[in-house]
Amino acid sequence: MKYHSSLLNQYIDIQDTPENIANQLTCKICEIEETIIRNIPQDVVIGKVMDAEKHPDADKLFVCHIDCGKAGVFQICTGGENVQAGIYVPVAIPWCYLPVPKLQIDPRKMRWLDSNGMICSKTELGINEDAEHHWIWDLTKDFSDLSDKDAGTPLSVKYPFLESCIWDVEN
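Residues numbered from 1 in each chain as written. Predicted model: local features only at pLDDT ≥ 70, side-chain atom pairs only at ≥ 80, totals over all residues. Heavy atoms only, no water.

## Details of the overall build of the protein chain
Our working rule: Under the DSSP-based scheme used, a helix requires at least four consecutive residues in state H or I and a strand at least two consecutive residues in state E, with every element numbered from the N terminus. Asp and Glu are treated as the negative residues and Lys and Arg as the positive ones, with His and the ends of the chain left uncounted. To locate a charge, take atom NZ for lysine, CZ for arginine, CG for aspartate or CD for glutamate.
Per the secondary structure count, the protein chain includes four helices and twelve strands. Once the 15 positive and 27 negative side-chain charges of the protein chain are each reduced to a mean point, those two points are 5 Å apart.

## Quick notes on the side chain of aspartate 168
As a reminder of what qualifies: Each residue is placed in one exposure class: buried if its accessible area under a 1.4 Å probe, protein chains only, is under 20% of its type's maximum, exposed if it is over 50%, and partly exposed if it falls in between.
Tracing the backbone shows aspartate 168 in strand β12 (residues 164-169). We classify aspartate 168 as buried; its relative accessible area is 15%.

## A word on the pairing of strand β3 (residues 44-54)
Test applied: Strands are labelled as partners when DSSP assigns at least two bridges between them.
Judged from the five bridges that link them, β3 and strand β6 (residues 88-92) form a sheet pairing that is antiparallel. By the bridge assignment, lysine 48 is partnered in β6 with tyrosine 88. Pairing of β3 with strand β4 (residues 62-67), which is carried by six bridges, proceeds in the antiparallel orientation. Paired with glutamate 53 across the bridge in β4 is valine 63.

## Remarks on the pattern of salt bridges
Using the following cut-off: By definition here, a salt bridge exists when the distance from a side-chain nitrogen of Lys or Arg to a carboxyl oxygen of Asp or Glu is within 4 Å.
Tallying each qualifying case throughout the model produces five salt bridges. In this structure, the salt-bridge partner of aspartate 148 is lysine 48, at a minimum N-O distance of 3.0 Å. With aspartate 148 in the loop between α3 (139-142) and α4 (155-158) and lysine 48 in strand β3, this residue pair connects regions lying 100 residues apart in the sequence. The partner of aspartate 145 in a salt bridge is lysine 158, with the nearest N and O atoms 3.6 Å apart. One end of the pair, aspartate 145, is in the loop between α3 and α4; the other, lysine 158, is in helix α4, with 13 residues separating them in the sequence. The exposure class assigned to lysine 158 is partly exposed, which follows from its relative accessible area of 23%. Members of the salt-bridge network, linked through shared partners, are Asp145, Asp150 and Lys158.

## Topic: the pairing of β12
Most of β12 is tucked away, with six of its six residues classed as buried. Burial along β12 is two-sided: Ser164, Ile166 and Asp168 and Cys165, Trp167 and Val169, pointing in opposite directions, are all buried. Relative to β12, strand β2 (residues 32-38) is paired through six bridges, and the arrangement is antiparallel. Considered in β12, the bridge of isoleucine 37 is made with cysteine 165.

Put into structure tokens, the structure is as follows:
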């Protein structure tokens, strides 16, 4: 069974490292099979999809313009079928490194069009609580407090609870 640090923090105040907590639990209560520490890079920011059009030379790609506030407006090609104008999405801006898929986000061409950044899914950010959803993360479905002023804000600054620890406990 997996226990998320944000759940445990609702019941107890823990001021220790995830590794020490896992060691103490293993010694006193139960065996911890794995400790997963999730850190979301500061270069993953909140972006607002300004437009999303079918790619002229690819059936399964969309060309989007994403407003990332002070970071800029980026043209990004994506295969995310659920992309649409007006939604907020997590954007890995150019030169961001995503540790979970071990992927460096560099500007590149996708079917002859520039793509500068990547619109992320939950899985690409290490959020596997509902990993069956492999499309881009529509933040507006999970958070009701987003507005245009949030564009460009690092996702982990707006929602610090996303950076967390998960302990996999042997049943």
